[in-house]
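If you want the building blocks of each chain, they are given just below.
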Amino acid sequence: MLTPDHRHVTVPNNIIHMRKGNLNLWVLGVLLGSILAYTGWTGFKTQTFLMGKTGEISGKVIEIFPNEQVQSYSRKIKYVYSVGDSYYVDFKKLGTKDAKQEIGNDLKLIYSIRKPEKNKVKSLSSTYDNSFGKKYYTTYENGFVELRLINGIFKYQESAKGGELIHDLIGEYKIINDSIKFENYVFETEHECQNRPELFVYSPNHRQLVDVDTKRIYKRFH
């Protein structure tokens, strides 16, 4: 006679298969988690490796999204960097852990020596807390110009009387005493502009700017 401790218990096959299935799912989950974790740690290095021989360089944020013109649920930046005598522009989608970005912020990049247009953002900064800047405006016989100064980045838009955009320029500026010196970003796809901003001077009350070359007076309206 068998005691209760020695009775043979038969486990249904469906329960055995269920346990094996759960175990397999658990093993698969651990494996996938390990792969994702490894990819997260090595992804940047892998992408950099695929670019071949690389260098490190600094860049500037020149636009943030969403903005007044482009409404989007995803955060993104547009940035520029130079290699040799050439300027390159690219975009980066920001993750949930990336700090809020503003125009004029610096960033560090890894780029391909062989193909400088190929790059990866290595790190971001948070130097500035807004992208409002200052706006200046001037008119002339055949059109008008809007100039924006934002955290060391200028945006120069020249339009005809009917509103057609003639030139859309961008670059960096430095304020030295009462003068503003401009460094234009010149991209290969741009049409040549004869009157790129180079040197402006402030009026005594800083409400106006004067283009030293064209003598045009720009009035601040923002």
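Note that the structure is predicted; figures quoted are calculated from it, not measured.

Residues Arg114, Lys115, Lys118 and Lys120 make up a contiguous surface patch of positive charge. Relative to the assigned elements, lysine 120 resides in strand S5 (residues 119-124). Given a relative accessible area of 31%, lysine 120 falls into the partly exposed group.

Okay, unusual backbone geometry next. Leaving glycine out, the prevailing phi sign among residues is negative, and the prevailing peptide bond configuration is trans. With an omega of 0°, the peptide bond running from phenylalanine 65 to proline 66 counts as cis. With phi around 60°, histidine 206 is a residue other than glycine that occupies positive phi space. Within the secondary structure layout, histidine 206 lies in the loop between strand S11 (199-202) and strand S12 (208-211). Given the relative accessible area of 33%, histidine 206 is considered partly exposed.

Here the focus is the nonpolar core. The biggest cluster of nonpolar side chains holds 15 residues, and the ones touching the most others in it are Leu147, Leu149, Ile180, Phe182, Leu209 and Tyr218. With 3 residues, strand S7 (residues 143-150) is the largest single contributor of residues to this core. Counting 13 residues, the second-largest nonpolar core is a separate cluster that includes Ile77, Val83, Tyr88 and Val121.

The next subject is the pairing of strand S13 (residues 217-220). In this structure, strand S6 (residues 134-140) lies alongside S13, joined through 2 bridges in antiparallel fashion. If you follow tyrosine 136 over to S13, its bridge partner there is arginine 220. Hairpin connection of S12 to S13: 5 residues between the antiparallel strands, including lysine 215 at a positive phi of 70°.

Read around the closed barrel, 8 strands run S6-S7-S8-S9-S10-S11-S12-S13, paired in antiparallel fashion. The average angle at which neighbouring strand axes cross in this sheet is 30°, direction not considered.

What follows deals with the pattern of salt bridges. Counted according to the given criterion, the structure contains 4 salt bridges. Ionic pairing is found between lysine 155 and glutamate 63, a salt bridge with its closest N-O pair at 2.6 Å. Within this pair, whereas lysine 155 is found in strand S8 (residues 153-160), its partner glutamate 63 is found in strand S1 (residues 54-65), the two being separated by 92 residues in sequence. By relative accessible area, glutamate 63 is classed as buried at 17%. When the shortest N-O distance is used, the salt bridge between glutamate 102 and lysine 100 registers 2.2 Å. The class for lysine 100 is exposed, based on a relative accessible area of 57%.

Glancing now at the sheet that holds S1. Reading across the sheet, the 5 strands line up as S3-S2-S1-S4-S5 and stay open at both edges, with antiparallel pairing between neighbours. Two strands close off the open sheet at either side, each with one partner strand: strand S3 (86-93) and S5. Neighbouring strand axes in the sheet, compared pairwise and without regard to direction, differ in orientation by 35° on average. One ladder, built from 6 bridges, connects S1 with strand S2 (residues 76-83); its direction is antiparallel. Residue pairing for S2: lysine 60 is matched across the bridge by valine 80.

Looking now at the side chain of glutamate 158. Here glutamate 158 shows up in strand S8. Here glutamate 158 occupies a buried position and makes no salt bridge, while the nearest side chain of opposite charge, arginine 216, is found at 4.4 Å. Excluding residues within four positions of it along the chain, glutamate 158 makes contact with Tyr140, Phe144, Val145, Glu164, Leu165, Ile166, His167 and Arg216.

Reading guide: rules and limits
Residues numbered from 1 in each chain as written. Predicted model: local features only at pLDDT ≥ 70, side-chain atom pairs only at ≥ 80, totals over all residues. Heavy atoms only, no water. Patch = residues over 30% accessible without salt bridge, like charges linked within 9 Å, V, L, I, M, F, W, Y side chains within 5 Å. Areas by Shrake-Rupley, 256 points an atom, 1.4 Å probe, with all protein chains shown as cover. Salt bridge = Lys/Arg side-chain N within 4 Å of Asp/Glu carboxyl O. Lys, Arg positive; Asp, Glu negative; His and termini not counted. Charge placed at Lys NZ, Arg CZ, Asp CG, Glu CD. Helix = DSSP H or I, 4+ residues; strand = E, 2+ residues; numbered from the N terminus. Buried < 20%, exposed > 50% of the residue type's maximum accessible area, 1.4 Å probe, protein only. Core = buried A, V, L, I, M, F, W, Y, C linked by side-chain atoms within 4.5 Å. Pairing = 2+ DSSP bridges. Axes fitted to C-alpha atoms, helices over the stretch in contact; angles between N-to-C directions. Contact = heavy atoms within 4.5 Å.

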